[in-house]
Amino acid sequence: MSTKPQKLPGLNDTLVFTLKTEQQVREGIQLLQAHMDHHSEKVVGFDTETRIKPGCDSNKVSVIQLATRELCLVINIRRIVEEGLVFPHSLQLFLQEANVMKVGVCAGRDAWALNDSYAIKCANVLDLKHMAIRLGHRDTTLKSLAIKYGDMKLNKQLQHKRWDKRELREKEVVYAAQDAVASYLVYLGLKKRGEAQDILQSDNSDLEKS
């Protein structure tokens, strides 16, 4: 990698790569794909950050985050596109890869925002909010689910900051990375809970038949 990973506060042992060029994105995607080859299921936590300002072009997606438990890519996509004039092809192919599930709370909204900003369509996107509702959760915010399933406390005070800046400060990288890592951990937790409920329901059904 032409950029070094960071270990940041609030992210345990997750290695965080902040990517600012097309080459770094290509290398980061290759590293993430190689990392996922060791997992039984190809899943990444998925999130984006956008500066919301009515009537302003700054509403374009500025940052894209992709993560597993061990690795997180924080991609300064707006800077990369403005400097290189094109969306990185390696990232486009990854987002469009149907065999890789991209998970996050309101992930469909993030996918829509990417399409609206850069005409990039994402394949195989799972909204954890709907998954949580099916499993009986009332509070389906990422902040709440991250505490329960990821043992992570998310600070949402940076939610509307200037994500369109050329350089991100460390606390902004932490914020962005935490959202993606938490999304990955929440998916694993919800999946485990869902499988446990299926087993319980199956056992109860067998008891009723006997």
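First, a word on what this report is: a plain description of the structure on this page. Just so you know, these numbers come straight off a predicted model, no measurement behind them.

1. Thoughts on the pattern of salt bridges
Move 1: A full pass over the atoms with the stated rule returns 11 salt bridges.
Move 2: Measuring nitrogen to oxygen at the nearest pair gives 2.7 Å for the salt bridge that ties Glu22 to Arg26. With Glu22 and Arg26 both in helix α1 (residues 22-36) and four residues apart, this pair spans about one turn of that helix.
Move 3: Beyond isolated ion pairs, a larger network of salt bridges with shared partners links Lys20, Arg79, Glu83, Arg166 and Glu167.

2. Focus: helix α2 (residues 77-84)
Move 1: Every buried residue belonging to α2 is among Ile77, Arg78, Arg79, Ile80 and Val81, and all of these are buried.
Move 2: The secondary structure elements touched by the buried residues of α2 are β1 (15-19), α1, β3 (61-67), β4 (71-75), α3 (89-95) and α4 (107-118).
Move 3: Among the residues trailing α2, Leu85 stands out with phi positive, at a value near 75°.

3. Notes on the sheet that holds strand β2 (residues 43-50)
Move 1: Strand order in the open sheet made by the six strands is β1-β4-β3-β2-β5-β6, with mixed pairing throughout. Where the open sheet ends on each side, the last strands, each with one partner, are β1 and β6 (125-127). Looking at each pair of strands side by side, their axes are set apart by 25° on average, direction ignored.
Move 2: With three bridges joining them, β2 and strand β5 (residues 101-104) adopt parallel strand pairing. Bridge assignment links Gly45 to a residue of β5, and that residue is Val103.
Move 3: In the packing of α2 onto the sheet, the strands contacted are β1, β3 and β4, and the crossing angle to β3 comes to about 120°.

4. Focus on the pairing of β3
Move 1: Within β3, seven of the seven residues are buried, which leaves the element mostly enclosed by the surrounding structure.
Move 2: Pairing analysis gives six bridges linking β2 to β3, with the strands arranged antiparallel. The residue bridging Asp47 from the neighbouring strand is Gln65, located in β3.
Move 3: The sheet contact formed by β3 and β4 spans four bridges and is antiparallel. Across the sheet, residue Ile64 finds its bridge partner in β4, namely Ile75.
Move 4: Here β3 folds back onto β4 in antiparallel fashion, the turn holding three residues.

5. Remarks on the packing of aromatic side chains
Move 1: With the rule as written, the count across this model stands at two aromatic pairs.
Move 2: Judged by centre distance (5.5 Å) and plane angle (50°), the rings of Phe87 and Tyr118 are tilted. Taken together, the residues span a long stretch of sequence, with Phe87 in the loop between α2 and α3 and Tyr118 in helix α4 at a distance of 31 residues.
Move 3: Between Lys148 and the ring centre of Tyr149, over which it is positioned, the NZ or CZ distance is 5.8 Å.

6. Considering the nonpolar core
Move 1: Residues Val16, Cys72, Val74, Leu128, Met152 and Leu190 are the most contacted members of the largest nonpolar core, which totals 37 residues.
Move 2: Contributing elements (two or more residues each) for this core: β3, β4, β5, α5 (128-134), α6 (142-150) and α7 (170-209).
Move 3: The contact partners of Met152, leaving out residues within four places of it in the chain, are Gly10, Leu11, Ala146, Ile147, Gln178, Val181, Ala182 and Leu185.

7. Describing the side chain of Asp47
Move 1: With respect to the secondary-structure elements, Asp47 resides in strand β2.
Move 2: With a relative accessible area of 10%, Asp47 lands in the buried category.

8. Quick notes on unusual backbone geometry
Move 1: Its identity is not glycine, yet Leu85 carries a phi of approximately 75°, on the positive side.
Move 2: Inspection of the secondary structure puts Leu85 in the loop between α2 and α3.
Move 3: In this model, Cys106 sits at a positive phi of 60°, which is unusual for a non-glycine residue.
Move 4: Mapped onto the fold, Cys106 is located in the loop between β5 and α4.

9. Focus on the pairing of β5
Move 1: Here β5 shows no split at all, with Met101 and Val103 on one side and Lys102 and Gly104 on the other all buried.
Move 2: Strand direction decides the pairing type here: β5 and β6, joined by three bridges, are parallel. Looking at the pairing, Lys102 lines up with Val125 of β6.
Move 3: For the crossover from β5 across α4 to β6, the handedness is right-handed.

Calculation notes
- Residue positions within a chain follow its written sequence, with the count starting from 1.
- Thresholds applied to this predicted model are a pLDDT of at least 70 for local features of residues and 80 or more for the giving and counting of side-chain atom pairs; totals over whole chains, interfaces and linings are not thresholded and use all residues.
- Where side-chain values are given, they derive from all heavy atoms of the structure, hydrogens and water being excluded.
- A carboxyl oxygen of Asp or Glu within 4 Å of a side-chain nitrogen of Lys or Arg is what we treat as a salt bridge.
- Under the DSSP-based scheme used, a helix requires at least four consecutive residues in state H or I and a strand at least two consecutive residues in state E, with every element numbered from the N terminus.
- Under the scheme applied here, a residue whose accessible area is under 20% of the maximum for its type counts as buried, over 50% as exposed, and between as partly exposed, the area being computed with a 1.4 Å probe on protein chains only.
- In what follows, residue pairs with any heavy atoms lying within 4.5 Å of each other are defined as contacts.
- Between any two strands, pairing holds if DSSP finds at least two bridges.
- Axis lines are fitted through C-alpha atoms, for helices just across the contact stretch, and the angle between N-to-C directions can take any value from 0 to 180 degrees.
- Ring pairs shown here join Phe, Tyr and Trp side chains whose ring centres sit within 6.5 Å, with only the six-membered ring taken for Trp; geometry is labelled stacked below 30 degrees between planes, edge-to-face above 60, and tilted in between.
- Only when the NZ atom of a Lys or the CZ atom of an Arg is both within 6 Å of the ring centre and within 35 degrees of the ring normal do we say a charge sits over the ring.
- Only buried residues count toward a nonpolar core, which is a set of Ala, Val, Leu, Ile, Met, Phe, Trp, Tyr and Cys residues joined through side-chain atoms within 4.5 Å.
- Crossover handedness is defined by viewing with both strands directed away from the observer: a clockwise path from the first strand over the helix to the second marks the crossover as right-handed.

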